[in-house]
Each structure stands twice: as C-alpha cells, then as structure tokens.
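Working through the structure, step by step
The chain contents come next:
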Amino acid sequence: KIFSMTANLFVRTVFTRFHIHDWTGGFRAIRKDVFLRERNEMKGFNGYIFQIAFLKKAVRDGYKIAEVPVHFSDRKLGNSKIAPLSYIMTVIKFVILTRTNELARGSFGKFIIVGGFGFILNAVILKVLVDGFGWLPYLANLIGAVFAIFSNYNFNNFWSFKHHKATSIWRYFYKMFQFYLTSAFGVTIIQTGTIFIGTHFITREEDYFIYFLIGTSFLLVWNFSIYSRVIWRKKH
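Residues numbered from 1 in each chain as written. Predicted model: local features only at pLDDT ≥ 70, side-chain atom pairs only at ≥ 80, totals over all residues. Heavy atoms only, no water.

**Brief notes about a nonpolar patch on the surface**
On the surface, a nonpolar cluster with roughly 980 Å² of combined accessible area is contributed by Ile120, Val124, Val128, Phe133, Trp135, Leu136, Leu139, Leu142, Ile143, Val146 and Phe147. Elements represented by at least two residues in the nonpolar patch include exactly helix 5 (107-133) and helix 6 (137-160). Of note, Leu136 is situated in the loop between helix 5 and helix 6. On the accessibility criterion, Leu136 (34% relative accessible area) is partly exposed. (Patch = residues over 30% accessible without salt bridge, like charges linked within 9 Å, V, L, I, M, F, W, Y side chains within 5 Å. Areas by Shrake-Rupley, 256 points an atom, 1.4 Å probe, with all protein chains shown as cover. Salt bridge = Lys/Arg side-chain N within 4 Å of Asp/Glu carboxyl O. Helix = DSSP H or I, 4+ residues; strand = E, 2+ residues; numbered from the N terminus. Buried < 20%, exposed > 50% of the residue type's maximum accessible area, 1.4 Å probe, protein only.)

**Describing the nonpolar core**
Most often, soluble globular proteins keep nonpolar side chains buried together rather than apart. The biggest cluster of nonpolar side chains holds 18 residues, and the ones touching the most others in it are Val11, Phe15, Trp23, Ile52, Val91, Phe94 and Val95. Residue assignment for this core shows that the elements contributing at least two residues are helix 1 (2-15), helix 3 (49-60) and helix 4 (84-105). No other element matches helix 3, which puts seven residues into this core. Every residue in contact with Val95, bar those within four places of it in the chain, is listed here: Phe10, Val11, Val14 and Phe15. Of all hydrophobic cores here, the second largest spans 16 residues; its members include Ile149, Tyr153, Phe161 and Ile226. (Core = buried A, V, L, I, M, F, W, Y, C linked by side-chain atoms within 4.5 Å. Contact = heavy atoms within 4.5 Å.)

**Some words on helix 7 (residues 169-202)**
One full turn of an α-helix is made of 3.6 residues, so residues set three or four places apart face in the same direction. Over its 34 residues, helix 7 extends 46 Å from the first C-alpha to the last, a length consistent with the 50 Å expected when each residue adds 1.5 Å. At Gly193, helix 7 shows its maximal kink, close to 40°. (Expected span 1.5 Å × (residues − 1). Bend = angle between axes of the 7 residues up to and from the residue.)

**Thoughts on the side chain of Ser151**
With respect to the helices and strands, Ser151 occurs in helix 6. Those residues in contact with Ser151 that sit more than four places away from it in its chain are Phe117 and Leu121.

**Points about the packing of helix 7 against helix 8 (residues 208-231)**
For any two helices packed against each other, one specifies the crossing angle of their axes together with the interaxial distance. Interaxial distance between helix 7 and helix 8 falls to 9 Å at its minimum, and their mutual angle equals 155°. Put simply, helix 7 runs roughly antiparallel to helix 8. For the element pair helix 7 and helix 8, the recorded crossing hand is right-handed. Class assignment for the residues of the contact of helix 7 with helix 8 results in 16 nonpolar, eleven polar and one charged. (Axes fitted to C-alpha atoms, helices over the stretch in contact; angles between N-to-C directions. Parallel < 35°, antiparallel > 145°, perpendicular 65-115°, else oblique. Left-handed = near helix turned anticlockwise from the far one by under 90°. Nonpolar A, V, L, I, M, F, W, Y, C, P; charged D, E, K, R; others polar.)

**Notes on the layout of surface pockets**
Size it by volume and the largest pocket reaches roughly 1800 Å³. Taken together, the elements giving at least two residues each to the lining of the largest pocket come down to helix 1, helix 2 (32-38) and helix 3. A total of six residues in the lining of the largest pocket trace back to one element, the largest contributor, which is helix 1. Per-class residue counts for the lining of the largest pocket are 21 nonpolar, nine polar and eleven charged. (1 Å grid on protein atoms, 1.4 Å probe; cavity = no way out; pocket = protein on both sides within 12 Å on 5 of 7 lines; lining within 4 Å. Points joined across faces, edges and corners; volume = space filled by probe spheres on them.)

**Focus on the pattern of salt bridges**
Under the defined criterion, the tally for this structure stands at seven salt bridges. One salt bridge connects Asp33 with Arg31, and the closest N-O pair in it is separated by 3.2 Å. For Asp33, a relative accessible area of 38% translates into the label partly exposed. A salt bridge links Asp61 to Arg37; its shortest N-O distance comes to 3.6 Å. One end of the pair, Asp61, is in the loop between helix 3 and helix 4; the other, Arg37, is in helix 2, and 24 residues separate them in sequence. The network of salt bridges with shared partners includes Arg37, Glu38, Glu41, Lys57, Arg60 and Asp61.

Just geometry here; none of it tells us what the structure is for.
Right, dumping it as structure tokens:
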C-alpha cells in the first residue's frame, strides 16, 4: 500500500494531473478505439509501468478519464510480484524522462524563451528606474512588469500557444484582459510582494534585485500554470 500511495502521489505531482488519483491500478475499462490508437506506442513497456504509460498517453491525446471507487481486497494467498526497489526506480525514471521530454518539446520550452525576454525587459526597466532615477524598487518593478506582460502576451499568443491563439479581435483583447489580470496578480502579490517583504523586513533595500530574482522564480510557476490551464487551455 505504501508503494502504491507513494507512486501515485509522485506521478500526480510530476505530471501535474491531480484530478487522476489511480495511475497504477490495472482494473480498467478501455474503449476499443483508445486501445487501437495507443497500442503501437506501448511495445517498449513491460510490467507495471504499462499502467502509468498507457494512462499518460491517453491523457495526452485528450481522451476522457473517469474514476469509480472500488474496494481492492488484501491478498490472502501467494506473494506480490513487485520488486520494491526495481519498481520504484522504474517509475521514477519513466515519469521524470517523460515529463522532461514533454516540457522540452511543448509549450513550456517556448514559454521559457518568451519569459526570458520579458524578464530581461523587466530587469532593465527596473534597474534604470531605481539606479538612474531613484524610484522605489517595488514601484519600479510594477512599471517594468507592464511592458514585460504586453511583450509576453503577444509572443505567447502567436508562438508558445499558437494552436490555441485568439483568432479574432474580440478574442485577442479578451485573452489580453485575462492575461493582464492573472499576470497582474502574480506580479503584484508574488513578485513585487517578495521584493517589498525582502527589502523591508529581511535585509536592506540595496538587495532588491536578489528578491526580484526570487520572486520571478515563484512567478514562473504561477504564470505557466495559469496560461496553460486557463488562458490557452486545450479544449477536448
């Protein structure tokens, strides 16, 4: 039970698919068309990893996944065929490699590049306003963020998430409004809040750029989650 609970928690966390609770169970009903589509990609998987791999590919291809609670009775005869260490290492290897390849090939890689450009734009404006004009760091960051958000929105809309981009003027401005609203929350609460707390309660105001970097790392996780799950979410 410990192996099962740990494996499922690990898979759900790394794949960020928390609505699916049981990745390792073998008691499943699978539609024929789903099986026929996925079976050619399953030839390289043996043993229990088959359960995780098949479900992951079905999720990737947009199939609906439903879960019905079932009471799984404890074994009364025989022994489990799972070799604990081997099973754990196989699961970890498959999940991490799959997620890494998925992020590198998908929208996340492009998101990082776009975000990197926005980060540079924001950082330059922040430094110029603080060091050149004597602005307060958290106020200067808000100004820099306005320009960075506009840049990020357009690059993400036409490149990172181009398969789900706005196809009309109305959708373009509607998504921009969503983008600014969610980004403003992240910039104001997460990034600027980190700068304010750090420079006022932890160290000196001169260390503002360190807290800018820390806040940006938190902001990265927030932004990608919101952009991929809300603004440019995939419709099945």
